[in-house]
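# Commentary on secondary and tertiary structure
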Amino acid sequence: GGGSVTGEGVDPGRAGRMSSYRGAYSQGGLTARPGSFGVGGATSTSAGDVQLQMPPDFDVDDEVDKLHGKVSMLKQMTGAIREETSIRGKLIDQLEETMANAGAMMKETKKKLDKAFKQSKSWHMTYLVCFCLAIFLGWYMLYKIGRFVRFFTG
């Protein structure tokens, strides 16, 4: 069949404009599903002709404009998502680089500390650690004594 379409409630001038939309009047694009998309219904005859029953207040151009607006909004959202993904990817790359640098610095520091401990034949590192502990314990004892004295002096 040739696939002719008749639309009730659509003026002939609008039908000419609709033909510019890809697939608007193709036979493969129309189905015989009643009430699809909330627009009347479509019926198919045995000869392959399809008749659309649309309400008289249905404006195809308005619906197409609404769809065009939604598509534009989705394109903008896609662009924003692409930009956000790019920014986050760059941040992750910088973080990986920073972590790699920190790991390299930790390895270098560990090597220096190992070297210092191996070279300390005069026990100067042990004396330094003991001195630091003694200072810490001295401050701690003074703090406790001060609290003890304040307890009794009120």
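Here the structure, examined in full by the defined rule, presents four salt bridges. Across the pair lysine 112 and glutamate 108 runs a salt bridge, and its minimum N-O distance is 3.5 Å. A residue pair is termed a helical-turn pair when its members lie 3 or 4 positions apart in one helix, as lysine 112 and glutamate 108 do in helix α2 (residues 60-119) at four residues. On the basis of relative accessible area, glutamate 108 is assigned to the partly exposed category, the value being 47%. Of the charged contacts, one joins aspartate 114 and lysine 110 as a salt bridge, the two residues approaching to 3.5 Å between their closest N and O atoms. Taken together, the residues span about one helical turn, with aspartate 114 and lysine 110 both in helix α2 at a distance of four residues. You can call aspartate 114 partly exposed: its relative accessible area is 34%.

Reading guide: rules and limits
- Residues numbered from 1 in each chain as written.
- Predicted model: local features only at pLDDT ≥ 70, side-chain atom pairs only at ≥ 80, totals over all residues.
- Heavy atoms only, no water.
- Salt bridge = Lys/Arg side-chain N within 4 Å of Asp/Glu carboxyl O.
- Helix = DSSP H or I, 4+ residues; strand = E, 2+ residues; numbered from the N terminus.
- Buried < 20%, exposed > 50% of the residue type's maximum accessible area, 1.4 Å probe, protein only.

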